[in-house]
Amino acid sequence: MKNIKVIVFDLYNTLVEIRNNNKFFLQLYKESLNGFNIDISLYLELVMTKNEEELFKILPDEFSELFRKYEHVLNEEVNSIFVYDEVLNSLQELQKKHRLFLISNLAFPYKKPVYNLGINSYFETMIFSCDFGHMKPDEKIFREIEKRTKVQPEEVLMIGDSLKSDIKGAEKIGWKSIQIDRKTNSNNLNAIKDLTQLNKLLITSY
């Protein structure tokens, strides 16, 4: 892990977790009369790549009606989001020697906890798919970090829980990567259980 200048983090299941995951947007789709007249895969893509204003314009009025009806379910989810115990201290240590960035695939309501929990203060830039218009593992969202940092691909390290979105997406463009696996007893040598292990890996590489 030598020569790492930039560390890019995923958000959910990497830095934070939803205790009461009600799958709000999926619930809206199931409650709709005919799935808002679109395939569920397209619906979920829209939810993850459009901001609030765009989403309410694109989807039928039924969507906004159901959104308001079940907004209490969303609030329950958002209010249940917590930061993993070691995260803030680890980020504080990491930012002493590295530039920290965040890329997250998320729907617009799930940005708010980042600020409420104070996580935003540790990152130079945070890129959310609902604002950027593309999701990991799309190369465009990874390349945006390179544009903003002017570093070489091999100087970037991606940390995330998703093998497809985070790890393979990053490796495809030449970034280094480490998977964080908080929930299983994986024997993957390139996986860590929490960020304290990441700190140790980076320290021993100097």
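Data block above holds the structure.
Residues numbered from 1 in each chain as written. Predicted model: local features only at pLDDT ≥ 70, side-chain atom pairs only at ≥ 80, totals over all residues. Heavy atoms only, no water.

Draft legend 1. Spatial organisation of helix α9 (residues 139-149). Turning to α9, its buried residues number three or more, namely Ile141, Phe142, Glu144, Ile145, Glu146 and Thr149. In this structure aspartate 138 caps α9, since a side-chain oxygen of it lies 2.8 Å from the backbone nitrogen of lysine 140. Positioned one or two residues after α9, lysine 150 has a phi angle of 60 degrees, which is positive. (Buried < 20%, exposed > 50% of the residue type's maximum accessible area, 1.4 Å probe, protein only. Helix = DSSP H or I, 4+ residues; strand = E, 2+ residues; numbered from the N terminus. Polar contact = N/O pair within 3.5 Å; in protein donor to acceptor, adjacent residues only side chain to side chain.)

Draft legend 2. Local environment of the packing of aromatic side chains. Applying the stated criterion across every chain, the model contains 20 aromatic pairs. Seen from their ring centres, phenylalanine 25 and phenylalanine 67 are 6.2 Å apart, and the 50 degrees between their planes marks the pair as tilted. Note that phenylalanine 25 is positioned in helix α1 (residues 24-31) and phenylalanine 67 in helix α4 (residues 61-69), a separation of 42 residues in sequence. With respect to class, phenylalanine 25 is no different from phenylalanine 67; both count as buried. With centroids separated by 5.5 Å and ring planes inclined at 80 degrees, the aromatic side chains of phenylalanine 36 and phenylalanine 63 adopt a geometry described as edge-to-face. Here phenylalanine 36, found in the loop between α1 and α2 (40-49), pairs with phenylalanine 63, found in helix α4; they are 27 residues apart in sequence, far enough to count as distant. Neither phenylalanine 36 nor phenylalanine 63 differs from the other in exposure class; each is buried. Members of the aromatic cluster, joined through ring pairs, are Tyr12, Phe24, Phe25, Tyr29, Phe36, Tyr43, Phe56, Phe63, Phe67, Phe108 and Tyr110. Across the ring face of phenylalanine 82, the terminal group of arginine 19 is positioned such that the distance to the ring centre comes to 3.9 Å. (Phe/Tyr/Trp six-rings, centres within 6.5 Å; stacked < 30°, edge-to-face > 60°. Lys NZ or Arg CZ within 6 Å of the ring centre and 35° of its normal.)

Draft legend 3. Geometry of the packing of α4 against helix α5 (residues 71-79). Put simply, α4 and α5 touch, their axes get as near as 4 Å, and they point 60 degrees apart. On the basis of their axis angle, the class for α4 and α5 is oblique. Each of Phe67, Arg68 and Lys69 in α4 lies in contact with α5, whose residues at this interface are Glu71, His72 and Leu74. For the contact of α4 with α5, the per-class residue count stands at two nonpolar, one polar and three charged. (Axes fitted to C-alpha atoms, helices over the stretch in contact; angles between N-to-C directions. Parallel < 35°, antiparallel > 145°, perpendicular 65-115°, else oblique. Contact = heavy atoms within 4.5 Å. Nonpolar A, V, L, I, M, F, W, Y, C, P; charged D, E, K, R; others polar.)

Draft legend 4. Layout of the side chain of serine 80. On the secondary structure map, serine 80 appears in the loop between α5 and β3 (81-83). Here the side chain of serine 80 touches arginine 19 through a polar contact of 3.4 Å, landing on its backbone nitrogen. A polar atom in the side chain of serine 80 sits 3.0 Å from the backbone nitrogen of asparagine 20. When residues no more than four places from it in sequence are discounted, the contact partners of serine 80 are Glu17, Ile18, Arg19 and Asn20.

Draft legend 5. Molecular detail of the environment of aspartate 10. With respect to the helices and strands, the residue aspartate 10 is situated in the loop between β1 (6-9) and β2 (16-18). Under the relative-accessibility criterion, aspartate 10 is labelled buried at 6%. Separated by 156 residues in sequence, aspartate 10 and aspartate 166 place their C-alpha atoms 7.2 Å apart. Beyond its immediate sequence surroundings of up to four residues, aspartate 10 is in contact with Leu15, Leu102, Ile103, Ser104, Lys136, Met158, Ile159, Gly160, Asp161 and Asp166. A distance of 2.8 Å separates polar atoms of two side chains, one belonging to aspartate 10 and the other to threonine 14.

Draft legend 6. α1, seen in detail. Listed as buried for α1 are Phe24, Phe25, Leu28 and Tyr29. Here the buried residues of α1 occupy an arc of 145 degrees about the axis, which is enough to place them on one side. Each element contacted by the buried residues of α1 is listed here: α2, α3 (52-58), α4 and α5. (Arc of directions from axis to C-beta.)

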